[in-house]
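Architecture at a glance
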Amino acid sequence: LGSIFCTLTAMAVARVFAVFCLIGICSVNSFSSIHFRSQAGLCSLSRNTRCFSNIHQLEMNADDSTLSRKNFIGFASLMLPFAALKIHAEEMPQQQTEEKIQQLPSDSLWDLYDTRIKNAKFIDLTHAFSPNQPVWPGFKRSTFKAAVAGRNIDGFVNEGEEFTYKKHGFVATSYDLTTDQYGTQLDPPAHWNPLGATISDLPPTMTLRPLVVISIADRVALDPGYHLQVSDILAWETLHGKVPAGSIVLVRSDWYKRWSDVERFATPPFPGVSLAALKFLHLRRRILLHGHEPLDTDTTPNLEGEAWLMHNNFAQVEGVRSLDLCPEAGGLVCLGFARPEGG
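What this report covers is the structure whose coordinates are included nearby. These figures come from a predicted structure and were not determined experimentally.

Right, let's talk about the packing of helix α9 (residues 275–284) against helix α10 (residues 304–311) for a bit. Between α9 and α10, the least distance of the axes is 9 Å, while the angle of their chain directions is 25°. Overall, the two elements α9 and α10 adopt an arrangement that is roughly parallel. Helix-helix and strand crossings are classified by hand; for α9 and α10 the assignment is right-handed. Each of Leu-275, Leu-278, Lys-279, His-282 and Leu-283 in α9 lies in contact with α10, whose residues at this interface are Glu-304, Gly-305, Trp-308 and Leu-309. Taken together, the residues of the contact of α9 with α10 sort by class into 5 nonpolar, 2 polar and 2 charged.

Structure (structure tokens):
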């Protein structure tokens, strides 16, 4: 699929299991044969107005084929052609069914899968979460323990009893998360904005977007507190062209390599994204959202970048990893997340 896919499973202000699963897929071939362009207006998410329609429209050109919103909306649309085919197969004789299958549209997603995705390289961009990992200094660490029965089941388990392989045939784990801001995470606007969109409000059309990776790793190696500037974005555009509207921009700092240093990881100085850069990306380049490797957007006393994003109905991704394995341009990011009601 052009190059890189990622599955982001996580969130902030989402309840329970808000843990990211960012999986990247890099094509082993060219990064230029498929490109996406967003038809979106300003990509903002507001709970009180439910103004999601502008971020729904995505169009992809692949050679002479065009996949538009009408047959490619998140995961739901991928299911619809299959369901329709199944109904026809049950109702029509086999010969008619075969003829129907042969008449599949030339822009079938199966061809795209066979020619681009199946042999792509997958890159995991997510930190696995554990009891001993970096967290924002205002939160306590979570605890994991063996799950126990919540009620008696006669002849099988007693309330409060731990499940074991020997007696019950299985084990399970209980996760006591002190915060949904845990590990790689997606911050929805409701994290700071009482009228902002929650995780369960986010539409499936956020699922697949162009991926832009802007590296500040060299500068961070010299200055751990360096923050992305507009000049860094313009330097990227000199090499790769204009940042695509509707894209997801991830800022590479290689800070993720310090993840095992639990105390240092979330202690300033650490890399960030300047407010000017955020405004440029959202207001001038009209991106969907951005992401970074540390657990904060910046190191300002009032967290000005995150405050501006959330109060203007923009989301962000925090705690991303392995961006050094991704191409800077030509990739795709597949965004998925747990969906607790009002999370």
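Now for the side chain of Gln-133. Here Gln-133 is to be found in the loop between β6 (121–124) and β7 (143–146). Looking at Gln-133, the relative accessible area reads 1%, which means it is buried. From its side chain, Gln-133 meets the backbone nitrogen of Ser-130 in a polar contact 2.9 Å long. Aside from chain neighbours lying at most four places away, what touches Gln-133 is Ala-128, Arg-141, Tyr-182, Gly-183, Trp-259 and Val-262.

Let us look at the nonpolar core. By size, the foremost hydrophobic cluster in this structure holds 26 residues, and its most contacted members are Ile-214, Leu-228, Ile-233, Val-243 and Val-249. Put simply, the parts of the chain that give this core at least two residues each are β10 (208–215), α7 (230–240), β12 (248–252), α9 and α10. Ranked by the residues each element gives to this core, the list is headed by α9, at 4 residues. Among residues more than four places away in sequence, those in contact with Ile-233 are Ile-214, Leu-228, Val-243, Ala-277, Phe-280 and Leu-281.

Contact geometry for α7 and α9: axes closest at 8 Å, N-to-C directions at 45°. Judged on the interaxial angle alone, α9 and α7 are oblique. Contacts from Val-230, Ile-233 and Leu-234 of α7 reach α9 at Ala-276, Ala-277, Phe-280 and Leu-281. Of the residues in the contact of α7 with α9, the class split is 7 nonpolar, no polar and no charged.

Time to look at the side chain of His-292. The residue His-292 is located in strand β14 (residues 289–292) in this model. On the basis of relative accessible area, His-292 is assigned to the buried category, the value being 2%. Here the side chain of His-292 touches Asp-296 through a polar contact of 3.3 Å, landing on its backbone oxygen. In contact with His-292, other than residues within four places in its own chain, are Val-251, Val-273, Thr-297, Gln-316, Val-317, Glu-318, Gly-319 and Val-320.

Calculation rules
Residues numbered from 1 in each chain as written. Predicted model: local features only at pLDDT ≥ 70, side-chain atom pairs only at ≥ 80, totals over all residues. Heavy atoms only, no water. Axes fitted to C-alpha atoms, helices over the stretch in contact; angles between N-to-C directions. Helix = DSSP H or I, 4+ residues; strand = E, 2+ residues; numbered from the N terminus. Parallel < 35°, antiparallel > 145°, perpendicular 65-115°, else oblique. Left-handed = near helix turned anticlockwise from the far one by under 90°. Contact = heavy atoms within 4.5 Å. Nonpolar A, V, L, I, M, F, W, Y, C, P; charged D, E, K, R; others polar. Buried < 20%, exposed > 50% of the residue type's maximum accessible area, 1.4 Å probe, protein only. Polar contact = N/O pair within 3.5 Å; in protein donor to acceptor, adjacent residues only side chain to side chain. Core = buried A, V, L, I, M, F, W, Y, C linked by side-chain atoms within 4.5 Å.

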